[in-house]
Amino acid sequence: MLIYIFLMVLPMLFFLKPKATFIVQTFSSLVLLFFSAVLLLKHEYISISMFHSSLPYLDFSIKLDSLSLLFVMIISTISLGVSTYSLNYVYDEDYHHKRLFAFIYTAFIASLLFVVTSFNAISFLIFWEIMSTLSFFLVIYNYENEENRQGGFLYIFMTHLGTAFIMVAFILMYLKTGSFSFENWVHVGLDDSTKFWVFLCVLIGFGTKAGMFPLHVWLPKAHPVAPSNVSALMSGVMIKTAIYMMIRFYFYFLSDIPWWYGFIVLLLGSLSALFGVMYALAQHDLKRLLAYHSIENIGIILMGLGSAMLFNSNHMPLLASFGLLAAIFHTYNHAIFKSLLFLGSGATFLKTHTKDMEKYGGLIKLMPYTALFFIIGSISISALPPFNGFVSEWLTYQSLLLNNKIDINIIHIFVPLFASMLALTGAFAAACFVKVIGISFLGSPRSDGAKNANEVGKFMVWGMGFLAALCVVFGLFPHIVIALVAPITSLLLGVDVSSSTSSHLFMISTPNFSFGHLSTLGLSMGFAVGIFMLYILIKKFGNTKTRMCSTWGCGQLNNDASNQYTASGFSQPIRKIFAFFYHPKEKIYPTSRKKKYFFPILEYKAHSHDGVESVYNLVLKVFVKSSAYLINLIENGSIHIYLLYILIASIAFLVYAVKGGIN
Amino acid sequence: MFSDFIELIGAFVLVLAILQITSDRLYFSIKVYAIQSFFVSISILSIGIYSSSFDLYVSSFLTLVIKTFIIPYALFKTIDEMKIKREIKAFVNITNSLLVISAIIIFTFLLTRYINIGGSVIAKEIFPISLSIIFIGAFIMVSRQKPITQLIGFLTLENGIMLVATSVTYGMPLIVEIGIFFDVIVGATMASLIIHHINHDIDDMDATSLSDFKE
Amino acid sequence: MQTFLMALLQFFIILIISPFIVGLMQKTKSLVRGSVGPCVFQPYFNILKLMQKEVVLSNQSSYISIIAPYIVAVVPITVAGFLPVFDSNTLMSFSGDIIAMVYILALGTFFLALFGFDQGSSFGGLGSSREMTVASLAEPAFIMVIFTFALQSNSTNISHIFDSMRGDIFFNYPVSSTLALMALYFVTLAEAGRIPIDNPETHLELTMIHEAMILDASGRNLALLEIGSFVKTTIFLTLFSNIFMPLGFYDTNTIWTIGFSIFIYFIKMSTLGVIIAIGELTLAKLRYFRISDAMMFGFVLALISMVTYRL
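*Asks:* Can you help me understand the overall build of chain A in this one?
*Replies:* Looking only at helices and strands, chain A has 25 helices and seven strands in total. Relative to the 2.2 N^0.38 estimate, which gives 26 Å for 663 residues, the radius of gyration of chain A is 27 Å and therefore close to what a compact globule would have. Reported as C-alpha extents along the three principal axes, the dimensions of chain A are approximately 100 × 70 × 60 Å. A total of 663 residues make up chain A; the buried ones form 61% of that total.

See the structure below:
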């Protein structure tokens, strides 16, 4: 146990030597990953109460049960990849104060690990706040940019709003149980109204952190401006800690939840999925696009979670374990491919010095490894077989389909609707990543930056390669993850999910085998055999010669890069079809002063606005105005009034003390 | 089995009502309306055979003659006379209309699951289907600008009412039905007359320009 | 062993019949228009001819241009292994179900769209953009239809669905099934790129979707892409015919019954091909921005089929 804590904090000690920090972080992550997997598979759980302070309520107890262990695994997997990557990245990007960066970076990872292992509400909150604050520092690390500061402040504001709700939930739990230790909260019986408020506060509080649909505004602003390795950690891991706590609350602490709690989670999940991907399509800033995809994937995770909650409240533990498997599997997968994609975007950003996709192009020839890994990540995130994203999305579909076994009218009608929203989401995600790959990696370079790009350093390649390999491995052998999730389902629901879903070799199935099954390994074997046969066929009967020639440009000779399709052009049909959703503002105006008939160079600008954001702006405006008015009223600058306040306050305290004395 | 057949006919009527929403050509809308009325008359006829009631034969025949032939013919005439542009202007575009319609369908199907229809029912599913058709007709009337499309919306709505009246409750008394037919004919004639006059007087076919007459 | 042979036979039947179906559609259209038109077997000759030609690639292209045609071709071929023709034991049924099938087909579309981008020409990107938009809009209706059939037959395995369709499912839920098939028709038109959605005959940049992406392909690459599109069309027609007309599933005891089943399948497919061709002749291609309306209409049909099933 102490080894664990030691491993968590060890890299922080090396902060004077940034390079050493990253190396140590890599190794400690590796060891943590290994140990956690072993402990998880051997069903050995440790708990320790480290430090009892003299202050009331405050004690740092740490417990590693199966749920925590899995999230420790997720964090250490990602940190393994990202730390390897950072060995080159931080030096190539040439950050100032590298020691500071290294220290905050490792402290951030340590705080993430402590968040998922804390077993006491107070210590949890402390680490939660440390995590939020450190990530805030990392977001504004390049504080010279106005955009970064704005994103950072929005982030810190929203995250504290969320924390307030989390605190309310914790206090409610404390009032009912009289304890801040998570041990005493397990399956606690609450009355209906308290249960509802706890549910709501947890949903809002952790939903803010996770980037759930109406509370996501900070995410597309904060994630893109952070350094890429930090974005990878934030998108891949930090928002997952909120999912971790949601699972903890909804399956471990609360019991006998009404069915419509699950329905609300399902609804919000499907809305976030669709909303996230639709805004992602309209973006041409690569990192912002990926940030919107995080919202989408959190939505998919919440859909799995919601359907598991529906089953759980209808006392179908086996099916609930299946839904939970879908959610946790997608959590792991999203952590892997999203951090991979962020690392890839960091690599392109490093070499081309711009985040604008419209200025990339042709990078597949200049950065072959980065492009390959990015394509693997894209296939995964678009949920295409045979990689890992597909497996978890398939599980989500199946758990939605199985929801029809619950005999409630609203579920019968709405769940297929959610499934088709998920289908639309998947298809849009594929369209979006065709856009990303097609615009940034294929074709010919669109700017000087893209023309002069070259492959990134070897540690960056290794870091991305590790995550890409995991995408493939988890896709082809989903049994690995199912085996890891199985202890969680037996802890939370009392059912071992692996026995019902992976009874056949290399094949996963729904709890009822004949309902549906999937073997990605078999599929990819089929692909491989098919491609091999086609190849042989062509070799034998066909012509294998290839001639290179310049692209046909309808007879035009100067076939430069500006002839290519653009990212805005790619998504234009969808923007137009769903105009009610995007409210696109399109403008065409001449950049030169020529008259209309002399072929001026025209510029086209399209801008779509996040509808939720404008609602927030409105609310904030009203709030700020009214609070400013109040402040003016109270603090009106006259010293006599202030003295009066002090007087009133002391009298009030006196009265309160006397009252207490009487009692 | 019989109720399945009736439900299938009802479903076709619903599909045609939705097709009505997607059309942006007046000729097409009217044709769709004629086919829809034809299906309604088949549904009434088959219920008539099933329950062997003479009233329903008559009303089926009337539906066939009036709604499948006379009203569409009159509407075609009106359109020809006025050389209306073929595009239908709409306040809500077609994709969004379809989104609204899916919401309507979900709503009616959910709602009717909580309604218990007493008495002898031939086809249970007809009830939500016809309710959807009624709402869709109303939606066409609300969302389209041209009076002639609004008229078609009204006629669609009326078809929905006809469907629900015959198949859920074995039809209304014959005299009531004949009265309804009379109303529909008069309504359609009046509407075409008024449309004609609007067109003639203000050279425009927009119901929105009617608001110019306000005081 | 026998079931394996059966499965292999079914798989090859789908592959072999696919260019013929497309040829038949072309022939029907020509005949109705009053011209003689190419031979029904012309697509076979086209593929053979294209195989013999050398490939001309753009110097902007990368290895995507080399691997994408293989993937685009192999994806529908793999899916063909899922589909039963006359027997419910199929080659690939162990490895996935109907939801997996949708996503495998999406993989093909994904690489086809990437192929469009790889040449760095404006046509390819245009085609990719349109194709991805149409494919995304068709997806919700497709999944809704699949959900309806899966709930009716209580399974997502394709063989199970076909078996129960052949049984009494279709007559148990006639309303729902009919509407679902109408929705499936729209999806088929969109995915196979037939006329109200896409015109497979023209090379006009205003109208083309699928053709724009493969404009820069030549030689064996084009042959592979064509095979992919033929097999994809056949897959959707098979899906359609074997659910809609659940005839032809006979026992596989003797060689004669098998032959008869294949014959019936063949007749069904040809009929469907002719029907679609005639449907193409009577319709005009939709304006690109009205495709969303058609797809939305298909979705509403699927939705009604789902709610009527659930009632």
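*Asks:* Looking at this model, I keep getting lost on the layout of surface pockets. Mind explaining?
*Replies:* If a probe as big as a water molecule is rolled over the atoms, it shows which places are left empty. A volume near 1200 Å³ is recorded for the largest pocket. In terms of lining, the largest pocket is formed by 31 residues, of which the most central are L19(B), F28(B), F186(C), P196(C) and L283(C). Looking at the lining of the largest pocket, the element that brings in the most residues is helix α7 (residues 174-192) of chain C, giving six residues.

*Asks:* Sorry, what's going on with the interface of chain C and chain B here?
*Replies:* Often, the extent of an interface is quoted as the loss of accessible area upon association of its parts. At the interface, 20 residues of chain C touch 24 residues of chain B. Buried area between chain C and chain B, both sides added, is near 2000 Å², and the carbon and sulfur share of it is 78%. Remark: the boundary between chain C and chain B carries one salt bridge. Salt-bridge contacts for D24(B) lead to R290(C); the nearest nitrogen and oxygen are separated by 3.1 Å. At the boundary of chain C with chain B, the tally comes to four residue pairs in polar contact (both at pLDDT 80 or more). Within the residue set of the side of chain C that touches chain B, elements represented by two or more residues are α6 (158-172), α7 and α11 (291-310) of chain C. No other element matches α11(C), which puts eleven residues into the side of chain C that touches chain B. Across the side of chain C that touches chain B, the residue classes tally to 13 nonpolar, four polar and three charged.

*Asks:* Would you mind going over the environment of Q556(A) with me for this structure?
*Replies:* Structurally, the position occupied by Q556(A) is in the loop between β5 (546-549) and α22 (567-577). Q556(A) sits 401 residues away from Y155(A) along the chain, and the two C-alpha atoms are 50 Å apart.

*Asks:* Can you help me understand the side chain of E280(C) in this one?
*Replies:* For E280(C), the location among the structural elements is in helix α10 (residues 255-282). For E280(C), a relative accessible area of 2% puts it in the buried group.

*Asks:* For this particular structure, what's the right way to read empty space enclosed by the protein?
*Replies:* Overall, the coordinates contain four cavities of 30 Å³ or more when judged by the stated rule. Estimated volume of the largest cavity: approximately 150 Å³. In terms of lining, the largest cavity is formed by 17 residues, of which the most central are A427(A), A106(C), T109(C), A135(C) and E139(C). For the lining of the largest cavity, the secondary-structure elements that each account for two or more residues are α16 (409-440) of chain A together with α4 (98-118) and α5 (122-153) of chain C. Across the lining of the largest cavity, the residue classes tally to eleven nonpolar, four polar and two charged. Considered as a void within the structure, the second largest cavity measures approximately 60 Å³ in volume. The wall of the second largest cavity is formed by I98(C), F142(C), V145(C), I146(C), F149(C), I161(C), L184(C), L239(C) and I243(C). Per-element tally for the lining of the second largest cavity: the top contributor is α5(C), with four residues. The residue inventory of the lining of the second largest cavity, partitioned by class, reads nine nonpolar, no polar and no charged.

*Asks:* I keep staring at the packing of aromatic side chains and nothing clicks. Help me out?
*Replies:* Centre-to-centre distance and the angle between the planes together describe a pair of aromatic rings. Inspection of the entire model under this criterion finds 61 aromatic pairs over all chains. Relative to Y70(C), the ring of Y535(A) has its centre 6.4 Å away and its plane inclined at 50 degrees; by these criteria the two rings are tilted. Placement of Y535(A) in helix α21 (residues 520-541) and of Y70(C) in helix α3 (residues 63-80) is noted, with the two residues assigned to different chains. Accessibility expressed as a relative area gives 40% for Y535(A), which makes it partly exposed.

Conventions used here
- Residues numbered from 1 in each chain as written.
- Chains lettered and ligands numbered in written order.
- Predicted model: local features only at pLDDT ≥ 70, side-chain atom pairs only at ≥ 80, totals over all residues.
- Heavy atoms only, no water.
- Helix = DSSP H or I, 4+ residues; strand = E, 2+ residues; numbered from the N terminus.
- Rg over C-alpha atoms; globule rule 2.2 N^0.38 Å.
- Buried < 20%, exposed > 50% of the residue type's maximum accessible area, 1.4 Å probe, protein only.
- 1 Å grid on protein atoms, 1.4 Å probe; cavity = no way out; pocket = protein on both sides within 12 Å on 5 of 7 lines; lining within 4 Å.
- Points joined across faces, edges and corners; volume = space filled by probe spheres on them.
- Contact = heavy atoms within 4.5 Å.
- Buried area = accessible area lost by both parts, 1.4 Å probe.
- Salt bridge = Lys/Arg side-chain N within 4 Å of Asp/Glu carboxyl O.
- Polar contact = N/O pair within 3.5 Å; in protein donor to acceptor, adjacent residues only side chain to side chain.
- Nonpolar A, V, L, I, M, F, W, Y, C, P; charged D, E, K, R; others polar.
- Phe/Tyr/Trp six-rings, centres within 6.5 Å; stacked < 30°, edge-to-face > 60°.

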